[in-house]
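Read off the chains here:
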Amino acid sequence: MTVALRIRQLRKQFVLHTQNGAVLDVLQGVDLDVKPGEIVALCGPSGAGKSSLLKAVYGTYRVDGGEIIIAHNGREIDLTAANPREIVDMRKRSIGYVSQFLRVIPRVSTLDIVSNGAIELGAGPEKARMDAVSLLERLRIPAALHELSPLTFSGGEQQRVNIARAMSSPKSLMLFDEPTASLDPQNRQTVLSMLRDLADQGTAVLGIFHDPADRAEIGAREVTMEQIREPEHA
Amino acid sequence: MSADLSKPLLKVDNINKQFGSTVACDDISFELWPGEILGIVGESGSGKTTLLRSIAGLIEPDSGSISYAGDGELVEVDKLPEPALRQLQRTEWAFVHQHPRDGLRMNVSAGANIGERLMANQWRHYANIRAEALKWLEAVEIDASRIDDLPRTFSGGMQQRLQIARNLVTRPKLVFMDEPTGGLDVSVQARLLDLVRGLVRDLGLSAIIVTHDLAVARLLSTRMMVMRKGEVIEQGLTDQILEDPQAPYSQLLVSSVLQV
Amino acid sequence: MTRYNFAYLNEQTKKMIRRALLKAIAIPGYQVPFASREMPMPYGWGTGGVQVTASILTADDVLKVIDQGADDTTNAVSIRKFFKKTAEVRTTEVTEDASVIQTRHRIPETPLREDQILVYQVPIPEPLRFLEPRETETRKMHAYEDYGLMHVKLYEDISQHGHIATTYAYPVSVEGRYVMDPSPTPKFDNPKMNDCPALQLFGAGREKRIYAVPPYTRVVSLDFEDHPFEVQQWDAPCELCGARDTFLDEVITDDAGGRMFVCSDTDYCSKRQAESEAAE
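What counts and how
- Residues numbered from 1 in each chain as written.
- Chains lettered and ligands numbered in written order.
- Predicted model: local features only at pLDDT ≥ 70, side-chain atom pairs only at ≥ 80, totals over all residues.
- Heavy atoms only, no water.
- Helix = DSSP H or I, 4+ residues; strand = E, 2+ residues; numbered from the N terminus.
- Rg over C-alpha atoms; globule rule 2.2 N^0.38 Å.
- Buried < 20%, exposed > 50% of the residue type's maximum accessible area, 1.4 Å probe, protein only.
- Contact = heavy atoms within 4.5 Å.
- Lys, Arg positive; Asp, Glu negative; His and termini not counted.
- Charge placed at Lys NZ, Arg CZ, Asp CG, Glu CD.
- Expected span 1.5 Å × (residues − 1).
- Phe/Tyr/Trp six-rings, centres within 6.5 Å; stacked < 30°, edge-to-face > 60°.
- Lys NZ or Arg CZ within 6 Å of the ring centre and 35° of its normal.
- Buried area = accessible area lost by both parts, 1.4 Å probe.
- Salt bridge = Lys/Arg side-chain N within 4 Å of Asp/Glu carboxyl O.
- Polar contact = N/O pair within 3.5 Å; in protein donor to acceptor, adjacent residues only side chain to side chain.
- Nonpolar A, V, L, I, M, F, W, Y, C, P; charged D, E, K, R; others polar.
- Pairing = 2+ DSSP bridges.
- Domains from an automatic or database assignment.
- Axes fitted to C-alpha atoms, helices over the stretch in contact; angles between N-to-C directions.
- 1 Å grid on protein atoms, 1.4 Å probe; cavity = no way out; pocket = protein on both sides within 12 Å on 5 of 7 lines; lining within 4 Å.
- Points joined across faces, edges and corners; volume = space filled by probe spheres on them.

Engineer: Before we move on, can you summarise the overall build of chain C with the specific residues and values?
Structural biologist: When its secondary structure is counted, chain C shows seven helices and 12 strands. Taken over C-alpha atoms, the radius of gyration comes to 19 Å for chain C, in line with the 19 Å a tight globule of 280 residues would show. Taken over the C-alpha atoms alone, chain C extends approximately 50 × 50 × 35 Å along its principal axes. Classification of the 280 residues of chain C by burial places 54% in the buried group. If you take every contact in chain C between residues at least 6 apart in sequence, the share linking residues at least 24 apart comes to 61%. Averaging the coordinates of the 32 positive side-chain charges in chain C and doing the same for the 43 negative ones gives two points 10 Å apart.

Engineer: A description of unusual backbone geometry should follow, citing residues and the corresponding values.
Structural biologist: All names here are of chain B. Even without being a glycine, E179 presents a positive backbone phi close to 45°. Along the polypeptide, E179 turns up in the loop between β7 (174-178) and α7 (186-203). Looking at E179, the relative accessible area reads 9%, which means it is buried. One non-glycine residue, K229, adopts positive backbone phi at about 50°. The topology assignment puts K229 in the loop between β9 (223-228) and β10 (231-237).

Engineer: Quick one: what's the story with the environment of A:S52, residue by residue and with numbers?
Structural biologist: Residues and elements named next belong to chain A. If you trace the backbone, S52 turns up in helix α1 (residues 50-58). Taking the C-alpha atoms as reference points, S52 and L10, separated by 42 residues in sequence, lie 11 Å from one another. Those residues within four positions of S52 in sequence are excluded, and the remaining contacts are V26, L27 and Y61.

Engineer: Break down helix α6 (residues 156-168) of chain B for me, with residues and values.
Structural biologist: Residues and elements named next belong to chain B. Spanning 13 residues, α6 covers 18 Å between terminal C-alpha atoms, matching the ideal 18 Å at 1.5 Å per step. Most of α6 sits out of view: 12 of its 13 residues are buried. For α6, the complete set of buried residues consists of G157, M158, Q159, Q160, R161, L162, Q163, I164, A165, R166, N167 and L168.

Engineer: For the packing of aromatic side chains, give the residues involved together with the corresponding values.
Structural biologist: Inspection of every chain in the model, using the stated rule, returns 17 aromatic pairs over all chains. On the numbers, 5.8 Å between centres and 50° between planes, the contact of C:Y4 with C:Y8 is tilted. Overall, C:Y4 belongs to the partly exposed group, its relative accessible area being 39%. Between C:F82 and C:F83, the aromatic rings sit 5.1 Å apart at their centres with planes inclined by 80°, giving edge-to-face as the arrangement. For C:F82, a relative accessible area of 13% translates into the label buried. For C:F83, a relative accessible area of 0% gives the class buried. The lysine or arginine in question, A:R85, covers the ring of B:W33, its NZ or CZ lying 3.2 Å from the ring centre.

Engineer: Quick one: what's the story with the interface of chain C and chain B, residue by residue and with numbers?
Structural biologist: In this assembly, 21 residues from chain C lie in contact with 21 residues from chain B. When the buried surface of chain C facing chain B is broken down by residue, C:Y144, C:Y155 and C:D226 rank first, second and third, together holding 31% of it. At the boundary of chain C with chain B, the tally comes to five salt bridges. Here C:E132 ties to B:R105 by a salt bridge, and the two come within 3.5 Å at their closest N and O atoms. On the surface where chain C and chain B come into contact, there are 14 residue pairs in polar contact (both at pLDDT 80 or more). Those elements giving two or more residues to the side of chain C that touches chain B turn out to be α4 (135-143) and α5 (148-161) of chain C. Of the residues in the side of chain C that touches chain B, the class split is nine nonpolar, four polar and eight charged.

Engineer: Account for the pattern of salt bridges, with residues named and values stated.
Structural biologist: Evaluated as defined, the whole model comprises 54 salt bridges over all chains. A:D131 is paired through a salt bridge with A:K127; the nearest N and O atoms lie 2.7 Å apart. Here A:D131 pairs with A:K127, and both are found in helix α4 (residues 125-138), just four residues apart, close to one helical turn. For B:K135, the salt bridge is made with B:E132, and the minimal N-O distance between the two is 3.3 Å. With B:K135 and B:E132 both in helix α5 (residues 126-139) and three residues apart, the pair spans about one turn of that helix.

Engineer: An account of the interface of chain B and chain A is requested, with residue identities and associated values reported.
Structural biologist: Counting residues at the interface gives 28 residues for chain B and 21 residues for chain A. It is B:Q240, B:E243 and B:D244 in chain B that bury the most area against chain A; as a group they hold 25% of the surface buried on that side. As a salt-bridge pair, B:E234 and A:R62 come within 2.5 Å of each other at their nearest N and O atoms. Listing elements by their share of the side of chain B that touches chain A, those giving two or more residues are α7, α8 (214-220), β10, α9 (238-243) and α10 (248-255) of chain B. Examining the composition of the side of chain B that touches chain A, we find that five residues originate from one element, α7(B), more than from any other. Residues that form the side of chain B that touches chain A fall into these classes: 11 nonpolar, six polar and 11 charged.

Engineer: I'd love a proper account of the sheet that holds strand β5 (residues 75-76) of chain B, names of residues and values included.
Structural biologist: Residue and element names in this part refer to chain B. With respect to topology, four strands assemble into an open sheet ordered β2-β1-β4-β5, the strand pairing being antiparallel. Lying at the two open borders of the sheet, with one neighbouring strand each, are β2 (22-32) and β5. Both strand β1 (residues 10-19) and strand β4 (residues 63-68) contribute to a ladder of five bridges, which runs antiparallel. Bridge pairing in β4 links N16 to S63.

Engineer: Outline the domain arrangement of chain B, supporting the account with residue identities and numerical values.
Structural biologist: All names here are of chain B. Considered domain by domain, chain B is made up of domain 1 (1-92 + 176-260) and domain 2 (98-171). Between the C-alpha centres of domain 1 and domain 2 the distance comes to 24 Å. Contacts between the two partners involve 18 residues from domain 1, matched on the other side by 16 residues from domain 2. Both faces considered, domain 1 and domain 2 share a buried interface measuring about 1500 Å² in area, 63% of it formed by carbon and sulfur atoms. Of all residues in domain 1, R90, R191 and L195 give up the largest surface area on contact with domain 2, accounting jointly for 32% of the area buried on that side. At the junction of domain 1 and domain 2, the tally comes to one salt bridge. With a shortest N-O distance of 3.1 Å, E141 and R191 are connected by a salt bridge.

Engineer: Hey, could you go over the pairing of strand β3 (residues 39-43) of chain A for me, with residue numbers and the actual values?
Structural biologist: All names here are of chain A. Buried residues dominate β3, accounting for five of its five residues. In β3, alternate side chains face the same way, and those of I39, A41 and C43 on one face and V40 and L42 on the other are all buried. Pairing between β3 and strand β8 (residues 204-208): four bridges, direction parallel. Bridge pairing in β8 places A41 opposite G207. Across four bridges, β3 lies against strand β9 (residues 221-224) in parallel orientation. Counterpart to C43 in the pairing with β9 is T224.

Engineer: So, the sheet that holds strand β7 (residues 178-180) of chain C: which residues are in play, and what are the values?
Structural biologist: Working definition: the strands of a sheet are paired by backbone hydrogen bonds and lie parallel or antiparallel to each other. Residue and element names in this part refer to chain C. An order of β7-β6-β10 is seen for the three strands of this open sheet, with the pairing classed as antiparallel. Each edge of the open sheet is held by one strand with a lone partner, namely β7 and β10 (219-221). The sheet shows a mean angle of 30° between the axes of neighbouring strands, taken without regard to direction. As paired elements, strand β6 (residues 172-174) and β7 share three bridges and run antiparallel to each other. Across the sheet, V172 pairs through a bridge with M180, a residue of β7.

Engineer: Please provide a residue-by-residue account of empty space enclosed by the protein, values included.
Structural biologist: Residue and element names in this part refer to chain A. If you walk through the whole model with that rule in mind, you get one cavity of 30 Å³ or more. As a volume, the largest cavity reaches approximately 30 Å³. The wall of the largest cavity is formed by V26, L27, Q28, V30, A48, M225 and R229. Among the elements that take part in the lining of the largest cavity, strand β2 (residues 22-34) stands out by supplying four residues, more than any other.

Encoded structure:
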């Protein structure tokens, strides 16, 4: 398989039963390939379906048609046909998703949150914690905060913890929804170089980056939602 | 935990249960896999508690079968002789009731409540039983000094934590929970949920949790089933149900919860 | 005046009770329900034991009745009189001479023989009652050998008193199967139940239950590995006969606080006193 992700004819519509059955067509026949080591940036105005596409690829949105082929355990799996258990397994090994918001269990320490993914994949707890510390240091989370729950951290700190968590156990396909949105320039730089490193190690990255400078910085291939949508809808 | 991940832990087939003319469970089937936490949500009267109690062997369904794979093959639990079912219920299974008084012995001490399952499983060394009880009190954040106190002197949250300790002391593989935070204040609920979440993860438990509270399901479950009027109207991963509910009732349920 | 039927109960009733007894003997320690009859004495006075005795008594039997180990207490005297009148059997206070011994608490200190039957009057036959009031549930627990609760009771004892404080009605496991309440016998006598040559029958009148321990049956007192079963011990010997291995009662001797500890088994004690007098 030469691509990490192959999307064909992907359709998703929302039927809003609580709003008189209003129908929203968010994805209308999307085609997209992402290769290992490639960074693809989704572009387009808000409401064009960029976040919806990421959520469909992660399996959160159950789609109405098309295929999402993902390389998983050396095979090509169509996520749209996978059962929940298979999706969980794919998420453990092959698809990572980093939202703009940190969702964590209350009272769990930052260090535990960041190291957990690696431990679940079989890393020794000691090594996983050491790696987590260096990731947090690189993202300038002060050591004094490592043992605290990130729920009380600032927005920027939370976002960096979120990224550290993703980077501690990267999957072969990583989805990023505005990873740099609330970061100061220095941290933004760090995160971007981490993304570049990730891709250089062979990870396929699909993300949303508002700032064109960011996209240029990491050498992203830009695709607009217009471009990847089925021609008759374009 | 050396769970066999290639087989379901529990298989529920075509469970039906009626109370008079009211259908509580309408032909419900699903599988639970090792390590899964299944949240069953729905309003009161949706049949979710009846389903849980049927699966756990506390009530008898009108028809259908329940199979459980402890160490080996799937065994039809509903066909087990009662002693074998009871043995299962006090070793590999656990049931956490909504009201602690239904799951605790209120007239014996906290230590004895925790120790009972051990003693039922032939523990005969007092000091060991007590040491285990102390360990579990600590795990559920109850002060060790309370070991000889009666549960009725405990707050509601403490009673619920004691019930959990009493159930988990035999390291069950499958835990049934019926509205575990139901009767508790909001602040106490959060603490209990954190605790349950941690224990579930640390012990590698599989669980079925019945709740009307989507926040509970969001925090604890990996997968969800939405029930209404005795039927499962939608199921999927927790994020699928919460972010992309498809059945009209699921959408109503999700939209009526304040988004965090 | 018409005479009483032999031993008061009619033959039909005795037959019914004997059937229950046979079942009880066949399933050692199992509580057999029986249709307990009204007796001409109140519950609590040993109606269960009396019905059992009435059902097994033959004209050749020699009956001994003890209450708290003594033959001369009101309860013992009236039951003895009852059978003297209704069955016209011989009675005795000497353990060795008796073929049937009805008791309320104690097992005689004199070892029993194969040709003797010990009948216990039992107030509460259900050992699980203390923690599980539901009869439907306790019956299942017996049926399924689900006895963890018995140890919960002993656990509570140790946690509250530092040792197993239960001194009577101390639960035993019979032949490795049923847990039985020897109530209200003091635990001092529990070891005597084990491997006993005599047949032991238990009757609970108000609760309508009969159970039995056949001769030479294994009877083990429940305990913990680190808190093994122990019988009561006294600091001083019996002040009357000097025995050191018997169950002692505290006896108030005057109204100035005077007291002494003497054997509760009056027959055994007086026999020892007689022996030592003879030896002098």
